[in-house]
Amino acid sequence: AVVATQSTGKIGATFTDDGFSMGIAYILKLLDQYSAFDSLHWFQSVNSKFNNEEKAVKDSRRRETDVKLDQTNTLTMKRLDQYRQEFELLYYSLSSARIFFRTDLEDLPIEINKSPVEATVSSEGGASAS
């Protein structure tokens, strides 16, 4: 999934290619690996990684006063935000594809209505994800 604001010139416009997530959902269903995939907590791990990197950049901003480093930190924050959006779109696309291939309710993850951000926040005991 890619956010396509620059190429279309429309703010908030998105373009999604769900073929990848449909393929993943199909293979997971075919091989009966939904529960094994869920046990990896992959989306929550990626979100935690982004949170840790954001925290490190914010800490660096507070400590350093160098203008060039501040510009680098700003670009890093933009990159992290873009990657986070792409992973959230992948999460929603994969969740939708899993619903398409489900045959019973046992195939769905327990917290299907929560985004990776909400799931991470709830697993961290209410810590702020931002």
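Everything numeric here is computed off the predicted structure, so don't read it as measured data. (Residues numbered from 1 in each chain as written. Predicted model: local features only at pLDDT ≥ 70, side-chain atom pairs only at ≥ 80, totals over all residues. Heavy atoms only, no water.)

Caption draft 1: Layout of the overall build of the chain. Looking only at helices and strands, one finds 6 helices and 2 strands in the chain. Element order for the chain, N to C, with α for helix and β for strand: β-α-β-α-α-α-α-α. Across the 130 residues in the chain, those meeting the buried criterion constitute 26%. When contacts within the chain are restricted to residue pairs at least 6 apart in sequence, those whose partners lie at least 24 apart make up 59%. For the chain, the computed accessible surface area is about 9000 Å², with 56% contributed by carbon and sulfur atoms. (Helix = DSSP H or I, 4+ residues; strand = E, 2+ residues; numbered from the N terminus. Buried < 20%, exposed > 50% of the residue type's maximum accessible area, 1.4 Å probe, protein only. Contact = heavy atoms within 4.5 Å. Areas by Shrake-Rupley, 256 points an atom, 1.4 Å probe, with all protein chains shown as cover.)

Caption draft 2: Looking closely at the pattern of salt bridges. All chains considered together, the criterion is met by 5 salt bridges. With a closest N to O distance of 2.7 Å, D38 and R98 form a salt bridge. With D38 in helix α3 (residues 34–40) and R98 in helix α5 (residues 67–101), this residue pair connects regions lying 60 residues apart in the sequence. For R98, a relative accessible area of 4% translates into the label buried. R62 is the salt-bridge partner of D59, the closest N and O atoms lying 2.5 Å from each other. Separated by 3 residues within a single helix, D59 and R62 lie in helix α4 (residues 42–63), roughly one turn from each other. By relative accessible area, which is 63% here, R62 ends up exposed. (Salt bridge = Lys/Arg side-chain N within 4 Å of Asp/Glu carboxyl O.)

Caption draft 3: A look at the packing of aromatic side chains. As enumerated under the stated definition, the model contains 8 aromatic pairs in all. Aromatic pair F37 and F43: ring centres 6.5 Å apart, planes at 75 degrees, arrangement edge-to-face. Per residue, the accessibility class of F37 equals that of F43, and both read buried. By the ring-pair criterion, three or more aromatic residues cluster together here, those being F37, W42, F43, F50, F87, Y91 and Y92. Sitting over the face of the ring of Y34, R98 holds its NZ or CZ atom 4.2 Å from the ring centroid. (Phe/Tyr/Trp six-rings, centres within 6.5 Å; stacked < 30°, edge-to-face > 60°. Lys NZ or Arg CZ within 6 Å of the ring centre and 35° of its normal.)

Caption draft 4: Seen up close, unusual backbone geometry. Its identity as a non-glycine residue notwithstanding, D32 has a phi of 55 degrees, on the positive side. With respect to the helices and strands, the residue D32 is situated in the loop between α2 (19–30) and α3. Even without a glycine there, the phi angle at H41 is positive, about 55 degrees.

Caption draft 5: Spotlight on the packing of α4 against α5. It is the contact of α4 with α5, at a shortest axis distance of 10 Å, that shows an interaxial angle of 165 degrees. Judged by the inter-axis angle, α4 sits roughly antiparallel to α5. In terms of crossing hand, the pair formed by α4 and α5 is left-handed. The residue inventory of the contact of α4 with α5, partitioned by class, reads 13 nonpolar, 6 polar and 7 charged. (Axes fitted to C-alpha atoms, helices over the stretch in contact; angles between N-to-C directions. Parallel < 35°, antiparallel > 145°, perpendicular 65-115°, else oblique. Left-handed = near helix turned anticlockwise from the far one by under 90°. Nonpolar A, V, L, I, M, F, W, Y, C, P; charged D, E, K, R; others polar.)

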